[in-house]
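One letter stands for each residue in the lines below.
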Amino acid sequence: MFRLSLEKYYTFSATRFSRGLAALAALAAALFLLPLPDALAALARRNATINATEAYNPKPSATDLTLPMPCGGSMVFKAVGVQAGGFLWDLDTLFGSDESDRRGREYYERRYNAAVSGPFSAADLPPAWRDKLPKPGQGQYYYYLIGKYEVSVFQWRAVMEGWCPSDAAPPGADDARPKTGVSWYEATEFARKYTEWLLANHAVSLPRFAGDGRNVGYARLPTEAEWEYAARGGHAVSRDSLRQDEFFPRPEGSSLNDYAVFRPEGAAKIEEQPLRIGSRSPNPLDLYDTAGNAAEMVLDTFHFSLGGRLHGSAGGFVRKGGSYLSGQAEILPGRREEVAFFQAEGPVRAKDMGFRLALSGINTPGGSRPEELEKEWKKAGEGQVLPDQGKNPLEEVDRLIAKAASPAEKENLTRLRAVLKDNSIALERQNSKAAEGLVRSSLYMVETIRSYAVRRKMAINYATDLERDLVAARQKKLKTADLEKQIAAFKNNEAELRRSMESGVSFYRSKLEDIRSYPAAMFDANLKLVSGELTADDVFTRSMKNAFSIYEKHVQALRKGAALNKNALLKDMLPENLRTGLKL
């Protein structure tokens, strides 16, 4: 394509200017009928050359995990941490959206139960990456990696076309935009070709499983669960935010326009194409454009969301995140759009649909992993006991198997054991989830009691101040009926808050007693899980850390047989000035 830069244009002679005037006027009309100088400026911006890094990492950061690309480019990933109890455990949460604008068709994306985890431990990732990995406060993360940006035109050309920038053909502004207009098959082909190029040229840069010389990490499209977990903020936000919020947490005063290129209701200007990658602010995981700009293809097929789970019929593929053509409801991370792999004219492509890559690996590599998986499997479900007998049912079946009178009896008992183990694993996970909920509710109870105490102290102070005013008013022989009513109201409020505190402490104490219902190892694992989330430096998290320290102290005291009466609990929860006059 023949292109004119603005600088070259102004060097033309008056004669050539006259010959080109008609064409430039037509261009001006196409550019929203802008005056000619504005149209030329827009043309110059569109065709301007850029630094190559703007097309693959315009916003570098210290936690970037970078893989090389052809022609000196890079593909930047972010590590996504999933806190779990092992390779056979995962994180269960809610995906989808309850804020759908498709009234009567909510079965597209109603909230549903899902799980996510990663195939890599820190030991499986390149040594140069390990110091950049997110680390939980306690416990262990399992990782997958996801692209920091949507795949750009530059990256597409380098892998699929063998194009390299040069002085004669430098990268232009369009090279920094997301690659769109490709089919799902072409996106997966890009991942294949890129992985093969890495294996041929930079195999040492890929993740490798400990002790396994054959299996390595590879690029692919992210699954819907991987994409949505990362888009919602992943390990960088609280579990409650993941399950409850429709969008990732944002600073106060910010708007969705700060994070997404989309079409707001009533907008005066609508973008005609995706903007450059990284043109808006990142989400809590430092990922760009997970909302808007280019809609993104994922690996999964589309299933309806019914009754809290995904329906069995697998349809087209799923696209997520909305685009520059989308309204606000369409850019929510839980929004789910079905796209056909093929239509009558062939593979489906769209001018507003692109993709980003994930870096993952298999769940069953060699090396030390089979032994780890076997240990986890043998341990799974084996800690459950019969509530009324304190016996492990699996151990009881093992005893019967050992005493089986015939091979047929032994086989039947072995099958029974397999069924019981599956049920025990399900029960173990259910109990673990309940233990996690117990920890969380206890922390919130500590916060609630402290809130009651602060409000009670304020009521006492207001009543005290008004009583002074009452004394002064009586000395001056003024009317005091209003003051007396206000004093009575504050005293009633103080008494109500006092009763609420008493109820709250009683409930908190009963929740402490409930920890005896869970195996110590299971409960401690969930203590670590919740503690590991409290990493942010904000008022809420600092307050929750303080509540966690109090709760952990009470748990340890209970295990040592200490008598935790209500006053002892309050002494740990509240400073002395908030306990004035309290004897519960």
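Residues numbered from 1 in each chain as written. Predicted model: local features only at pLDDT ≥ 70, side-chain atom pairs only at ≥ 80, totals over all residues. Heavy atoms only, no water.

Novice: What should I look at first to understand a nonpolar patch on the surface in this one?
Specialist: Nonpolar side chains collect at one region of the surface, where Tyr107, Phe304 and Leu306 lie side by side and expose about 240 Å² of accessible area between them. Structurally, the position occupied by leucine 306 is in strand E8 (residues 305-306). On the accessibility criterion, leucine 306 (41% relative accessible area) is partly exposed. (Patch = residues over 30% accessible without salt bridge, like charges linked within 9 Å, V, L, I, M, F, W, Y side chains within 5 Å. Areas by Shrake-Rupley, 256 points an atom, 1.4 Å probe, with all protein chains shown as cover. Salt bridge = Lys/Arg side-chain N within 4 Å of Asp/Glu carboxyl O. Helix = DSSP H or I, 4+ residues; strand = E, 2+ residues; numbered from the N terminus. Buried < 20%, exposed > 50% of the residue type's maximum accessible area, 1.4 Å probe, protein only.)

Novice: Would you mind showing me how to read helix H13 (residues 520-533) here?
Specialist: It helps to recall that an α-helix has 3.6 residues per turn; residues three or four apart then point in one direction. Its 14 residues give H13 an end-to-end C-alpha distance of 20 Å, which sits within 8% of 20 Å, the value for a rise of 1.5 Å per residue. Listing the buried residues of H13 in full gives Met522, Phe523, Asn526, Leu527, Leu529, Val530, Ser531, Gly532 and Glu533. The inward-facing, buried residues of H13 contact strand E2 (74-83), strand E5 (141-147), helix H8 (239-244), helix H11 (407-475) and helix H14 (539-559). (Expected span 1.5 Å × (residues − 1). Contact = heavy atoms within 4.5 Å.)

Novice: Got a minute to help me understand the sheet that holds strand E1 (residues 65-68) in this structure?
Specialist: Strand pairing in a sheet relies on backbone hydrogen bonds. The paired strands run either parallel or antiparallel. Reading across from one edge, E1-E2-E5-E15-E6 is the order of the five strands in this open sheet, with antiparallel pairing throughout. Of all strands in the sheet, those bounded by a partner on one side alone are E1 and strand E6 (218-220). Along the sheet, successive strands turn relative to each other by an average axial angle of 35 degrees, direction set aside. Here E6 pairs with strand E15 (residues 358-360) via three bridges, running antiparallel. Among the inter-strand pairings, arginine 220 is bridged to a residue of E15, identified as alanine 358. Docked against the sheet, helix H7 (residues 224-231) engages E2, E5, E6 and E15, running at close to 90 degrees with respect to E5. (Pairing = 2+ DSSP bridges. Axes fitted to C-alpha atoms, helices over the stretch in contact; angles between N-to-C directions.)

Novice: Looking at this structure, I do not really get the environment of serine 166. What am I missing?
Specialist: Considering the arrangement of structural elements, one finds serine 166 in the loop between helix H5 (153-161) and helix H6 (184-201). Along the sequence, serine 166 and cysteine 71 sit 95 residues apart, while their C-alpha atoms lie 9.7 Å from each other. Only 3.0 Å separates the side chain of serine 166 from the backbone nitrogen of alanine 169, close enough to count as a polar contact. (Polar contact = N/O pair within 3.5 Å; in protein donor to acceptor, adjacent residues only side chain to side chain.)

Novice: Looking at this structure, I do not really get empty space enclosed by the protein. What am I missing?
Specialist: Over the atoms rolls a probe the size of a water molecule, and its path tells where empty space is left. A complete count under the given rule lists three cavities of 30 Å³ or more for this structure. What the largest cavity holds in volume is close to 100 Å³. What lines the largest cavity is a set of 14 residues, among which Leu91, Tyr229, His235, Val237 and Glu533 lie closest to the centre. For the lining of the largest cavity, the elements supplying multiple residues, two or more each, are E2, H8 and H13. Ranked by the residues each element gives to the lining of the largest cavity, the list is headed by E2, at three residues. (1 Å grid on protein atoms, 1.4 Å probe; cavity = no way out; pocket = protein on both sides within 12 Å on 5 of 7 lines; lining within 4 Å. Points joined across faces, edges and corners; volume = space filled by probe spheres on them.)

Novice: Looking at this model, I keep getting lost on the state of the cysteines. Mind explaining?
Specialist: Should the sulfur atoms of two cysteines be covalently bonded, the bond is a disulfide. Taken as a whole and judged by the stated rule, the model has one disulfide. Put simply, cysteine 71 and cysteine 164 are joined by a disulfide, and their sulfur atoms are 1.7 Å apart. Negative torsions about the S-S bond denote left-handed disulfides, and the value of about -60 degrees found for cysteine 71 with cysteine 164 makes this one left-handed. One end of the pair, cysteine 71, is in the loop between E1 and E2; the other, cysteine 164, is in the loop between H5 and H6, with 93 residues separating them in the sequence. According to the relative accessible area criterion, cysteine 71 is partly exposed, its value standing at 28%. (Disulfide = S-S within 2.5 Å.)

Novice: Looking at this structure, I do not really get helix H10 (residues 393-402). What am I missing?
Specialist: By the burial criterion, the buried members of H10 are Leu394, Val397 and Ile401. Down the axis of H10, the buried set is contained in an arc of 60 degrees. They therefore lie on one face. H10 presents Glu395 and Ala402 as exposed residues on the side facing more than 90 degrees away from its buried surface. The secondary structure elements touched by the buried residues of H10 are H11. (Arc of directions from axis to C-beta.)

Novice: Looking at this structure, how should I read the layout of surface pockets?
Specialist: When its volume is computed, the largest pocket comes out at roughly 940 Å³. In this structure, the largest pocket is lined by 31 residues; those nearest its centre are Gly85, Trp89, Ser432, Met522 and Ala525. Elements with a contribution of two residues or more to the lining of the largest pocket: strand E3 (91-95), helix H9 (369-379), H11 and H13. Per-element tally for the lining of the largest pocket: the top contributor is H13, with seven residues.

Novice: Is there a simple way to explain the sheet that holds strand E10 (residues 317-320) in this structure?
Specialist: Across the sheet, which stays open at both edges, the four strands sit in the order E11-E10-E7-E14 with mixed pairing between neighbours. The two strands at the open ends of the sheet, each matched to only one other strand, are strand E11 (337-339) and strand E14 (353-354). As paired strands, strand E7 (residues 295-301) and E10 are joined by three bridges and run antiparallel to one another. Note on E10: the bridge partner recorded for threonine 301 is phenylalanine 317.

Novice: I would appreciate a short explanation of the pairing of E1 in the present structure.
Specialist: Side-chain direction in a regular strand flips from residue to residue, so the side chains alternate between the two faces of the sheet. Only one face of E1 is covered, namely the face carrying Leu65 and Leu67; the face carrying Thr66 and Pro68 is uncovered. As judged from the four bridges shared by E1 and E2, these two strands associate in the antiparallel manner. Paired with leucine 67 across the bridge in E2 is methionine 75. Taking the residues that link successive antiparallel strands as the turn, the E1-E2 hairpin has five residues, and the phi of cysteine 71 there is positive, at about 65 degrees.

Novice: How do you make sense of unusual backbone geometry when you look at a structure like this?
Specialist: Note: most residues except glycine have negative phi, and most peptide bonds are trans. In the Ramachandran plot, aspartate 286 falls in the positive-phi region, its phi being about 70 degrees despite a non-glycine side chain. With respect to the element layout, aspartate 286 can be found in the loop between H8 and E7. Even without being a glycine, aspartate 289 presents a positive backbone phi close to 65 degrees. Note that aspartate 289 resides in the loop between H8 and E7. Assessed through its relative accessible area of 2%, aspartate 289 is described here as buried.

Novice: What should I look at first to understand the pattern of salt bridges in this one?
Specialist: A side chain with one charge can pair with a side chain of the opposite charge if their charged atoms come near. With the rule as written, the count across this model stands at 47 salt bridges. Of the charged contacts in the structure, one is a salt bridge between glutamate 382 and arginine 417, with a shortest N-O distance of 3.2 Å. Of the two residues, glutamate 382 is situated in the loop between H9 and H10 and arginine 417 in helix H11; the sequence distance between them amounts to 35 residues. Taken together, the shared-partner salt bridges in this structure form one network comprising Asp101, Arg102, Glu109, Arg335 and Glu337.

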